[in-house]
Amino acid sequence: MSHALSAIDLALRGDAGGLSFLERTAAIYVLDAATTPGKLTTYGWWNFLNDALNEVERYEASSSPPDLGSHVRLLATITRRVARRPPSSDRRLIGTCLANASMSHMHLLASPEIGQFLVQNNDEMRERNMGRIASIVFDFSFYRTNSIRRSAFSDPVALEQFCGVVAANAVSTGPDAVKYLIADWIVPSIESLPPYAVVAMMSHISIEAMGKGCPVGTKAVIQSLLETVLKKAVGPLMTDALRESDGGYSVLEIRDTAPSGAKMSQRIAALSFRALESWCRSTSTGIVQLRQIFSSTNINILETIADAMYSDAAIVTDAVSDLLDVLLDFCRRDSKISSGLDIAQSLLGMMKHSNQLDLAQQLTSENRRSKIIILSELVSAIGLQRFRFSERQRIGDNAVCRCLARMAARILLEAEDDIKKGSMETSLDGIFDLLFKAMSHPSLDVSGIALEALSAFVHSEKGLSTRLLPLLQGKAIIPFHLVSGEDINGFEEYRNFRERVLNDALVACYEGCGLFFLESCCSAIEEFCIANQSSHLPYQFEAALFCMIAVSEEIAKPLRRYQHDGSSLINVDADAQQTSSFLERIVSALAKNAFSSTSHPLVMARMCIFLNKYATVFPLCSSENTFETASELALSSFNRSLEGGNYDAFLDSCDVKSPLSESCNALQQLLRSCPAHFSAPSDAF
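As a convention, each chain's residues are numbered from 1 in the sequence order in which they are written. Where local features are concerned, this predicted model is filtered to residues with pLDDT of at least 70; where side-chain atom pairs are given and counted, the filter is 80 or more; whole-chain, interface and lining totals use all residues. Just so you know, side-chain values use all the structure's heavy atoms and leave hydrogens and water out.

Colleague: Go over the overall build of the chain with me, naming the residues and quoting the values.
Modeller: In terms of helices and strands, the chain carries 32 helices and 4 strands. Every one of the 685 residues in the chain was classed for burial, and the buried ones make up 50%. Residue pairs at least 24 apart in sequence account for 76% of intrachain contacts in the chain once pairs closer than 6 positions are excluded. Of the roughly 31300 Å² that the chain leaves accessible, carbon and sulfur atoms contribute 52%. Runs of H or I in DSSP of at least four residues are treated as helices and runs of E of at least two as strands, each being numbered from the N terminus. Only protein chains enter the accessibility calculation, which uses a 1.4 Å probe. A residue is then buried if its area is under 20% of the maximum for its type, exposed if over 50%, and partly exposed in between. Contacts are residue-level and defined by heavy atoms, with any inter-residue pair within 4.5 Å sufficient. With residues, only the protein chains shown are counted as cover, and all accessible areas are computed by Shrake-Rupley using a 1.4 Å probe.

Colleague: Let's hear about the confidence of the model for the chain: which residues, and what values?
Modeller: In predicted models, pLDDT denotes the confidence assigned by the predictor to each residue on a 0 to 100 scale. Of all residues in the chain, 85% have pLDDT values of 70 or greater, and the mean over the chain is 85. Confidence drops under a pLDDT of 50 for residues 248-259, and excluding neighbours within four residues, the segment shows 26 contacts in the predicted structure.

Colleague: Tell me about the side chain of R80, and please be specific about residues and values.
Modeller: Tracing the backbone through its elements, the reader meets R80 in helix α4 (residues 69-83). For R80, the residues in contact, after removing those within four places along its chain, are Q161, G164, V165, A168, H204, I207 and E208.

Colleague: Please set out helix α8 (residues 175-186) residue by residue, giving values where relevant.
Modeller: Given the number of residues in a helix, its expected span is that number minus one, multiplied by 1.5 Å. For α8, which comprises 12 residues, the first-to-last C-alpha distance of 15 Å matches the rise-based estimate of 16 Å (1.5 Å per residue) to within 8%. Taken as a whole, α8 has its buried residues at P175, V178, L181, I182 and I186. The arc enclosing the buried residues of α8, seen along the axis, measures out at 135 degrees, which places them on a common side. Turned more than 90 degrees away from the buried face of α8 sit D176, Y180 and D184, all of them exposed. The arc under discussion is defined with respect to the helix axis, by the directions toward the C-beta atoms.

Colleague: Mind laying out the side chain of H204, listing which residues take part and the relevant values?
Modeller: Looking at the secondary structure, you find H204 in helix α9 (residues 195-209). When residues no more than four places from it in sequence are discounted, the contact partners of H204 are R80, E160, G164 and A167.

Colleague: Can you lay out the nonpolar core for me, pointing to particular residues and giving the numbers?
Modeller: One finds M202 and F610 to be the most contacted residues of the largest nonpolar core, which totals 217 residues. In this view, M202 contacts I182, I186, V187, V229, A233, V234, A275 and W279; residues no more than four positions away in its chain are not counted. Think of a nonpolar core as a cluster: buried Ala, Val, Leu, Ile, Met, Phe, Trp, Tyr and Cys residues, connected wherever their side-chain atoms sit within 4.5 Å.

Colleague: For the packing of α8 against α9, give the residues involved together with the corresponding values.
Modeller: Axes here refer to lines fitted to C-alpha atoms; in helices the fit is confined to the stretch in contact. Angles between the N-to-C directions go from 0 to 180 degrees. Running from N to C, α8 and α9 point in directions that differ by 155 degrees, and their axes come no closer than 12 Å. The angle between the axes of α8 and α9 places the two elements in the roughly antiparallel class. You can see that α8 and α9 cross each other, and the crossing is left-handed. Counted together, V178, L181, I182 and I186 of α8 and V198, M201, M202 and I205 of α9 form the full contact between these two elements. Gly counts as polar in this scheme, as do all residues outside two lists: the nonpolar Ala, Val, Leu, Ile, Met, Phe, Trp, Tyr, Cys and Pro, and the charged Asp, Glu, Lys and Arg. Across the contact of α8 with α9, the residue classes break down as 8 nonpolar, no polar and no charged. Every angle not falling under 35 degrees, over 145, or within 65 to 115 is termed oblique; those three ranges are roughly parallel, roughly antiparallel and roughly perpendicular. By definition, any crossing whose near helix is turned counterclockwise from its far helix by less than a right angle is left-handed, and any crossing with a clockwise turn is right-handed.

Colleague: With reference to specific residues and values, describe the packing of aromatic side chains.
Modeller: Given two aromatic rings, their pairing is described by the distance between the two centres and the angle made by the two planes. Each Phe, Tyr or Trp ring, with Trp reduced to its six-membered ring, pairs with another whose centre is within 6.5 Å; inter-plane angles below 30 degrees give stacked pairs, above 60 give edge-to-face pairs, and intermediate values give tilted ones. Considering all chains together, one arrives at 15 aromatic pairs under this definition. Ring plane angle 80 degrees and centroid distance 6.1 Å describe the contact between F480 and Y539, whose orientation is recorded as edge-to-face. Placement of the pair is F480 in helix α23 (residues 480-483) and Y539 in helix α26 (residues 537-550), with a sequence separation of 59 residues. Both rings, one in Y494 and one in F497, keep their centres 6.4 Å apart while their planes meet at 40 degrees; by these two values the pair is tilted. Remark: F497 and Y494 occur in helix α24 (residues 488-512); sequence separation between them is 3 residues, near one turn of the helix. On the basis of relative accessible area, Y494 is assigned to the buried category, the value being 3%. Here F497 falls in the buried class, since its relative accessible area comes to 6%.

Colleague: Quick one: what's the story with the environment of G235, residue by residue and with numbers?
Modeller: Looking at the secondary structure, you find G235 in helix α11 (residues 226-244). Of the residues examined, G235 reaches a relative accessible area of 0% and is grouped as buried. In this structure, the C-alpha to C-alpha distance between G235 and S272, residues 37 residues apart in sequence, is 7.7 Å. For G235, the contacting residues outside a window of four places in its chain are L230, F294 and I299.

Colleague: Lay out the packing of helix α17 (residues 386-394) against helix α18 (residues 398-414) with the relevant residues and their values.
Modeller: α18 packs onto α17 with a crossing angle of 150 degrees between their chain directions and a minimal axis gap of 8 Å. As far as their axial angle goes, α18 and α17 are roughly antiparallel. The interaxial crossing formed by α17 with α18 has left-handed handedness. Between α17, through R388, F389, R392 and Q393, and α18, the contact on the second element is made entirely by V400, C401 and L404. Partitioning the contact of α17 with α18 into residue classes produces 4 nonpolar, 1 polar and 2 charged.

This is how it looks when you write it as structure tokens:
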């Protein structure tokens, strides 16, 4: 390989010299006075890029070209970073280069015309390279899927990066260059340009325009071109790509048997949604405004989003999920503005209304009604995906399942206020069914998303908490394949899920169905105490105790309000009395077990944590024996721990101390909660 590709090859292999050369070439210019005596030239990244492109084309013209795909990707990545540097910065770097070389080559730089000539040559080299890259990305031959010999420039990742190069160069050059590229070049010629290049270019232009270093006036140009880009470029290409993708092929991101043409259509569809997302983000456009923009075309954007939900390609559904996140974020912002105007209207109710305030109030009211209609359509659309969710789960398509759960959760949470007000114009059964199916998914990435959304509705939706509780209890059981400790990362992920997401969901579920929650957990613990020993029993037992520990603070708070008088509670309501009876049943069952089921270190440690958490509640129970029994359990666990001492290191990964430590903590808390009980000698101690 010649010098340019050799340097890239060394960098790809991790060579420090190759990486340093590329970094320095991208950052500075050097003066070349030796190659052609008497003729000064500068050498920087644009010269290096020109040499590299020449070398790639020369190698590909040979009979057996090497694989240069990785080289072209790295070349495009660095070029995009350099293209973000405005031409004025390039000129300053040339000036710095000439100033540094003036001492050794003063006789060659005596004329100021030489400096201007070098700057002009570099500008021309930059423009020449941009034209060359544009000719590559807009060349249909690089998008042919049936070609026997594929060029390194045909790599979709490299093509997208090169589109980003052109976009970054236009944005860094100034707003006039952006307007010229879009309005005078791409949009008028859109029928004769590759769709992939168009949507990639549009996506990267808006992404680059959101940068903090973009020239003044760029964002205003992006705002002015919004409707033109969406109506004439992104929207039509998006609907065409969706129509051509997923032509009866499933799991195209997993199987390699799908036609590459279908894969390209999916890439175009995904990039179209990415472009739509970035343009909406850069112009602060919400879903109500987006629908209004497309209302004058034959594109129904909500139907397009609903169609994209049926895609079998994860890249498409993931792009749709990101788009909905952006659109609904701005929708929420508009809702806050509407609420602010309502407050202002109420404060000015006794004063003379201004026409501007009345007009703003009217517009926000219309937007609020439109938002409810749009959210109702989205709820209905994602609800229909509940049937397909089961199919994708059955064939192991976790990526699409995650995207569907993510969309359902985001839509449901955005519609939360309207659902609680009863303003929604569609049934919620479909979206809830989808989220419950996602809740049962074995992947924590999927079930965790659904769980956070469902937890927000356990108070408002009748019967939701009782339906959710069995699923939460099942998720609390440590998966048996993680018990061996071989999948350390997997168990760490599960532990974080259980201690954070699941814990919060259990608290919300208890607040929605308190007595049912206690009855279910109490019955489970009683059953485990008398069950036959099995390899799974300790982890089921530990999960039941974990559920009770998760809600300990919520149970203890109301009970602490009551004062203990002898052996009974005074002025106690029926719910508090029932709660007390459940705790008595649990402690009694644990004591009768005599460590036949609680001898497992994990169960014993979790039992001691349970006694610790409820230590302040046991003295308030109707039966005095409850506190005494709990104390005996803690002491017995302490004694048993002293006898054993050899505990599985698995406890450390469960974020649980040894039974000895936990029993000490339980005894300490029990002593603090009722020191009078320990003042007299007892046979138990």
